[in-house]
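Chain by chain, the residues:
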Amino acid sequence: MTTVLLVEDDRELRATLRDALEAAGYLVRTAASQADALAQLAHAAPDAFDLVLLDLGLPDGDGAAVLAALRRQGRRAAVVVISARHAEADKVALLDAGADDYLVKPFAIGELLARLRVALRHRGTTAQPAVTRYEDGPLAVDLATRSVQRDGAPVHLTPTEFALLARLVRSAGQVVTHRQLLADVWGAEFIGHTHYLRLYMGQLRAKLEADPAQPERLLTEPGVGYRLRADPDATVLMRS
Ligand code: CA
């Protein structure tokens, strides 16, 4: 059973989220403060939690401290941050600190559950092979054969375009920060070159989106990065 640690001080929201998570089949533990969450982590087995749903604004401190403790302890739990904060710098800092995704309040329960499924799939509590195929509507990408098809017809990508798309496929459904994309596709020395991303994302959209100005799959997360849409109802992600 998938176990979730729900860290949220708002009693009403905590109850709502707990009910929704339990209805979706998760085993839920709750914490109402930073101290409560840290204490539960301190006493839990290394693999006790598959997922942590983490509010940032807690009465006794910042939820980011819980994220830091989790990663310091080397826990593999997926972490999805829920926060009222919109600041882009906050989101980037959390993702770079090891959060898997974030949702800004208020959010729909359906969207939350979809993001949790994606985060769990990517984090994986047991060793799972990497995602190597992505299909969504007319778009099909196979990383093993380096083939990209749109409406069944092959699409030619340059090596850099393919590398960028492949990085997003490996994290399909999750936001990937500018820094992560630049480091993984171009190299660590290029993390300041966000104009590369804009240029290549424009090229990818021109080749893969029906309307490059209104992308449906290669989505912009303003000030943060990009997300390749992975609609659980429309998408088949296959592992080799
Ligand atoms: Ca709060």
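Here's the deal with the confidence of the model for the chain
Then, in step 1: In this model, the chain carries an average pLDDT of 89, and 92% of its residues clear a pLDDT of 70 or more.
Then, in step 2: Note on residues 233-240: pLDDT under 50 across the span, and 27 contacts to partners over four residues away in sequence or across chains.

Description of the packing of helix α7 (residues 178-185) against helix α8 (residues 194-208)
Then, in step 1: The interhelical angle for the contact between α7 and α8, taken along N-to-C directions, is 85°, at an axis separation of 10 Å. As judged from the angle between their axes, α7 and α8 are roughly perpendicular. Counting all contacts with α7, which are made through His-178, Leu-181 and Leu-182, the residues of α8 involved are Thr-194, Tyr-196 and Leu-197.
Then, in step 2: Its residues assigned to classes, the contact of α7 with α8 shows four nonpolar, two polar and no charged.

Here's the deal with the pattern of salt bridges
Then, in step 1: Applying the stated criterion to the full structure yields 16 salt bridges.
Then, in step 2: Where Arg-217 meets Asp-136, a salt bridge forms, and the shortest distance between an N and an O atom there is 3.2 Å. In this pair, Arg-217 sits in the loop between α8 and β13 (218-221) while Asp-136 sits in strand β8 (residues 131-136), placing the two residues 81 residues apart along the sequence.
Then, in step 3: Relative accessible area serves as the criterion here: at 8%, Arg-217 is assigned to the buried category.
Then, in step 4: If you follow the salt bridges from partner to partner, you end up with Asp-101, Glu-111, Arg-115, Glu-221 and Arg-227 in one network.

What counts and how
Position numbers for residues start from 1 in each chain and track the written sequence from start to end. The predicted origin of the model limits local features to residues at a pLDDT of at least 70 and limits the giving and counting of side-chain atom pairs to 80 or more, whereas totals for whole chains, interfaces and linings rest on all residues. Only hydrogens and water are set aside; all other atoms, that is, all heavy atoms of the structure, feed into the side-chain values. The pLDDT value expresses, per residue, how confident the predictor is, ranging between 0 and 100. Throughout, a contact is declared for two residues whenever any of their heavy atoms are within 4.5 Å. Helix axes use the C-alpha atoms of the stretch in contact, all axes being lines fitted to C-alpha atoms, and the angles between their N-to-C directions lie in the range 0 to 180 degrees. For helices the rule is a DSSP run of H or I covering at least 4 residues; for strands it is a run of E covering at least 2, with both sets numbered from the N terminus onward. With respect to orientation, any angle under 35 degrees is reported as roughly parallel, any angle over 145 as roughly antiparallel, any angle of 65 to 115 as roughly perpendicular, and every other angle as oblique. The nonpolar class holds Ala, Val, Leu, Ile, Met, Phe, Trp, Tyr, Cys and Pro. Asp, Glu, Lys and Arg form the charged class, and all remaining residues, Gly among them, are polar. The salt bridge definition used is simple: a Lys or Arg side-chain nitrogen within 4 Å of an Asp or Glu carboxyl oxygen. The rule is simple: take the accessible area with a 1.4 Å probe, protein chains only, and divide by the maximum for that residue type; under 20% is buried, over 50% is exposed, in between is partly exposed.

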